Amino acid sequence: ASVGSATVSLDTGGTGAIIDGGDAGTDGITAKNIELIADSGIAVGAGVDALLELDAENLAATTVSGDINLEDTTGGVTVTAVGSTTGIKLTGTSQTNDNISLTATGGSLTIIAAIQNSQEGDITLAATGINSDILIGDAATSANLRTSAASGTASSLSITADDSILFGINSY
């Protein structure tokens, strides 16, 4: 994706959510690097607001609670460090079954920083389109996918690619 060299950082300042503006099928954010910081979710609305479409090369996002629902629409994306945020994380401890969903449409999903869900919810990763891979970690970095569940609660990790799923040497 040709997105220039800009970095976009959205931070709710410790309260609130980042909500898509109802523009289904249109990129809500386009930048080389995107950092999303919220307190109560990222793309947590209903209907078309329940998915934040973006076009980025590098992505990092964190929220205390609420779902994270992201789709990179062009050329693939790398989960890495952007600004003060590293990876994609649901950090709260209230065990509210919040989920993380990340799709790369028309490109590959590369994960070189952790994707972690501490809210007893699921993590769903997908790469769709011709030659769309998911690469988790590489020889130089560690990347982990982690979802935590309390006793009696099931959490799942779903990884789907239209081409290959590759685990790097330092992945776990």
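First, a word on what this report is: a plain description of the structure on this page.

**Quick notes on the nonpolar core**
- By size, the foremost hydrophobic cluster in this structure holds 32 residues, and its most contacted members are Leu36 and Leu70.
- Apart from residues no more than four positions distant in its own chain, Leu70 is found in contact with Leu36, Ile42, Leu51, Leu52, Leu54, Leu59, Ala61, Ser101, Leu102 and Thr103.

**Some details on the side chain of Asn58**
- Considering the arrangement of structural elements, one finds Asn58 in strand S5 (residues 58-63).
- Taking relative accessible area as the criterion, Asn58 reaches 18% and is therefore assigned buried.

**Considering the pairing of strand S3 (residues 33-38)**
- Across the six residues of S3, six count as buried, placing the element largely inside the fold.
- Going residue by residue along S3, you find Asn33, Glu35 and Ile37 tucked away on one face and Ile34, Leu36 and Ala38 tucked away on the opposite face as well.
- Here strand S1 (residues 7-11) runs beside S3; their pairing, made up of five bridges, is parallel. Opposite Leu10, over in S3, you have Leu36 as the bridge partner.
- Of the strand pairs in this sheet, S3 and S5 are connected by six bridges, and their pairing is parallel. The partner of Ile37 across the bridge, within S5, is Thr62.

**A closer look at unusual backbone geometry**
- Its identity is not glycine, yet Ala43 carries a phi of approximately 65°, on the positive side.
- One can find Ala43 in the loop between S3 and strand S4 (52-55).
- The phi angle at Asn131 is positive, at roughly 60°, despite the residue not being glycine.
- The topology assignment puts Asn131 in the loop between strand S14 (123-128) and strand S15 (134-136).

**Describing the environment of Ser164**
- When you line up the elements, Ser164 lands in the loop between strand S17 (157-161) and strand S18 (165-167).
- Relative accessible area serves as the criterion here: at 26%, Ser164 is assigned to the partly exposed category.
- Sequence-wise, Ser164 and Ile134 are 30 residues apart; in three dimensions their C-alpha atoms are separated by 6.4 Å.
- If we ignore the near neighbours within four places in the chain, the residues touching Ser164 are Ser132, Asp133 and Ile134.

**Details of the pairing of strand S11 (residues 100-105)**
- Taken together, the five bridges between strand S6 (residues 68-72) and S11 define a ladder with parallel strand orientation. Residue pairing for S11: Asn69 is matched across the bridge by Ser101.
- Here S11 runs beside S14; their pairing, made up of six bridges, is parallel. By the bridge assignment, Ile100 is partnered in S14 with Ile123.

Rules and cut-offs
Residues numbered from 1 in each chain as written. Predicted model: local features only at pLDDT ≥ 70, side-chain atom pairs only at ≥ 80, totals over all residues. Heavy atoms only, no water. Core = buried A, V, L, I, M, F, W, Y, C linked by side-chain atoms within 4.5 Å. Buried < 20%, exposed > 50% of the residue type's maximum accessible area, 1.4 Å probe, protein only. Contact = heavy atoms within 4.5 Å. Helix = DSSP H or I, 4+ residues; strand = E, 2+ residues; numbered from the N terminus. Pairing = 2+ DSSP bridges.

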